[in-house]
Amino acid sequence: MTTKVFHGAIVHSLSLGELEIIENGTLIIDAAGVIIAFKKSQDEHLTIPEDAEIHQIPHGEFLIPGFIDTHNHAPQWPMRGLGQGLHILEWLDQVTFPFEARFADATYARSTYENTVSDFLRQGITTASYYGSRHAEATRILAEICLEKGQRAFVGKCNMDRNAPDYICELSAADSLEETKACVKYIRSMPGCSDPKHALVKPVLTPRFAICCTPELLQGLGDMMRGGEDLAMQTHFNEAEQEVKATRELFPELAARSEADLYESFGLMGPRSILAHCTIMTEYDKERLKALNCGVAHCPISNMTVGGGFMVAPIRDYLRRGIKVGLGTDSGGGWASQMLAVIRQAMIASNAREVISQGEDKGLLLEEVFYLATLGGAQVMCLEDQIGNFEVGKQFDAVWVSTTKGLESAMTPREEDDSLRIVFEKFIMSGDDRNIAHVFVRGRRVAGSRQ
């Protein structure tokens, strides 16, 4: 890969409330896909290599960082939208487990995951934290496809050795742990993935949730996490009333105050813990998440359509406390594979939270939700030193946005006097994958609507 240079409009987050909008900037990307220079004004001078590949971004188009999906069930991609309105445990039994059981067939897994990863890439999701099914071979296939297609990903074999139908439940904690260790080893053996710092695809420990895991399994996973400095963990946390009640019945002492105590007792809570949902939270829950520096994967679509109730996570409160927060599609509890849909729903959910909190938790602003979808997600996945915005030294994961006029797409039409801020807002609130012209991961084009 040669050096690439991008001239034109650029939009990215510097912090939660600070959106940097640059009308005429220049980014230089080296052969390894790393940003080596960022010119933001005409007063700055850059030396551009003679053999560089030059990309001029036309008026009305702009670059943004790639979207980061912190919670995604890869085997649920073909069942998105099914079972809406069911409570969480019924939804698992009636819809999810039968679908995930199909991934025992490696041929089905490969053909489905080919489409799954391609779909998320075309939506501008350059990084995803994937739950696989409980099948080791299918999980290895998912990791291979992410690497082949160039998507940055965490990939984990789902652990579940109880409270699931016989056709999908693992035989024992020992079997589950053995397969998990083999998957971790396999993913780290893939080309370019042995160095955790520079791996495009990484393993992640994935206990589905405590209801489906015996204490022996949780302890074994905790031992693995403590033994690997770079090994992350993802699970569902305080997602729904039904789930919280069942967890406390299974672990009456450990979960008496909080699921945080339960997972912490097994060594599964820390900076590399990605906790999905976090909708039903006490003061103690919030204090523990902050103290342990865990990350929250906010999934507003699924929280408001599947699980049992209108579950609105207190995101403003988390941000006020300094808790890391990113966004998740939660495909397929969430019916969308588009991060743009999640951004919009996150704003709606935050407005509802403002009403519920009687004005204490103000609704999220556009720039704040965009931050959650990019730099915030990078922080949740402990990748903020590598991706999330266009800071020099980070890797070039980016989306080239093409806005439209008239009836060319569903996006609110671009007009001649629109500022870059207005065009950006129109894309975020009404654009779709037709407006995503090119998608880059580490400087390599991996998807896009424009040929």
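Because the structure is predicted, anything quoted here is derived from the model rather than measured. The residue numbering used here restarts from 1 in each chain and proceeds along that chain's sequence as written. Per-residue local features of the predicted model are confined to residues with pLDDT of at least 70, and side-chain atom pairs are confined, for both listing and counting, to 80 or more; whole-chain, interface and lining totals are unaffected and use all residues. Hydrogens and waters are ignored; side-chain quantities use all the structure's heavy atoms.

Draft legend 1. Focus on helix α11 (residues 339–356). The way it works is that DSSP assigns letters per residue, a run of H or I at least four long becomes a helix, a run of E at least two long becomes a strand, and they are numbered from the N terminus. To estimate the expected span of a helix, subtract one from its residue number and multiply by 1.5 Å. Helix length check: α11, at 18 residues, gives a terminal C-alpha distance of 25 Å against a target of 26 Å (1.5 Å per residue), a fit within 8%. Met339, Leu340, Ala341, Val342, Ile343, Gln345, Ala346, Met347, Ala349, Ser350 and Arg353 are the residues of α11 that are buried. Positive backbone phi, approximately 55°, marks glutamine 358, located one or two places after α11. Here's how the labels work: a residue is buried when its accessible area is under 20% of the maximum for its type, exposed when over 50%, partly exposed in between, all with a 1.4 Å probe on protein chains only.

Draft legend 2. Region of interest: the packing of aromatic side chains. The criterion for an aromatic pair is that two Phe, Tyr or Trp rings (for Trp, the six-membered ring) have centres within 6.5 Å, with stacked assigned to planes under 30 degrees apart, edge-to-face to planes over 60 apart and tilted to the rest. Under the defined criterion, the tally for this structure stands at 13 aromatic pairs. Summarising the aromatic geometry, the rings of phenylalanine 6 and phenylalanine 440 are spaced 5.3 Å apart at their centres and angled 75° between planes, so their arrangement reads as edge-to-face. Of this pair, phenylalanine 6 sits in strand β1 (residues 4–15) while phenylalanine 440 sits in strand β16 (residues 436–441); the two residues are 434 residues apart in sequence, bridging distant segments of the chain. An aromatic cluster is defined as three or more aromatic residues linked by ring pairs; in this entry it consists of Phe6, Phe390, Phe396, Trp400 and Phe440. Comment: the charge-over-ring label is applied if NZ (Lys) or CZ (Arg) is within 6 Å of the ring centre and within 35 degrees of the ring normal. Taking NZ or CZ as reference, lysine 40 lies 5.1 Å from the ring centre of phenylalanine 38, over its face. Taking the ring centre of phenylalanine 99 as reference, the NZ or CZ of arginine 102 above it sits at 4.1 Å.

Draft legend 3. Spotlight on the pattern of salt bridges. Each salt bridge in this description consists of a side-chain nitrogen of Lys or Arg and a carboxyl oxygen of Asp or Glu lying within 4 Å of one another. Under the criterion given, the structure shown has 28 salt bridges. A salt bridge links aspartate 230 to arginine 188; the shortest N-O distance between them is 3.0 Å. Placement of the pair is aspartate 230 in the loop between α5 (215–227) and β11 (232–237) and arginine 188 in helix α4 (residues 173–189), with a sequence separation of 42 residues. The exposure class assigned to aspartate 230 is partly exposed, which follows from its relative accessible area of 28%. Here arginine 188 falls in the partly exposed class, since its relative accessible area comes to 27%. A salt bridge links glutamate 416 to lysine 405; its shortest N-O distance comes to 2.3 Å. Of the two residues, glutamate 416 sits in the loop between β15 (398–402) and α13 (420–430) while lysine 405 sits in the loop between β15 and α13, which places them 11 residues apart along the sequence. Owing to a relative accessible area of 58%, glutamate 416 belongs among the exposed residues under this scheme. Judged by relative accessible area, lysine 405 falls into the partly exposed class, the value being 32%.

Coordinates in, geometry out; function isn't part of it.
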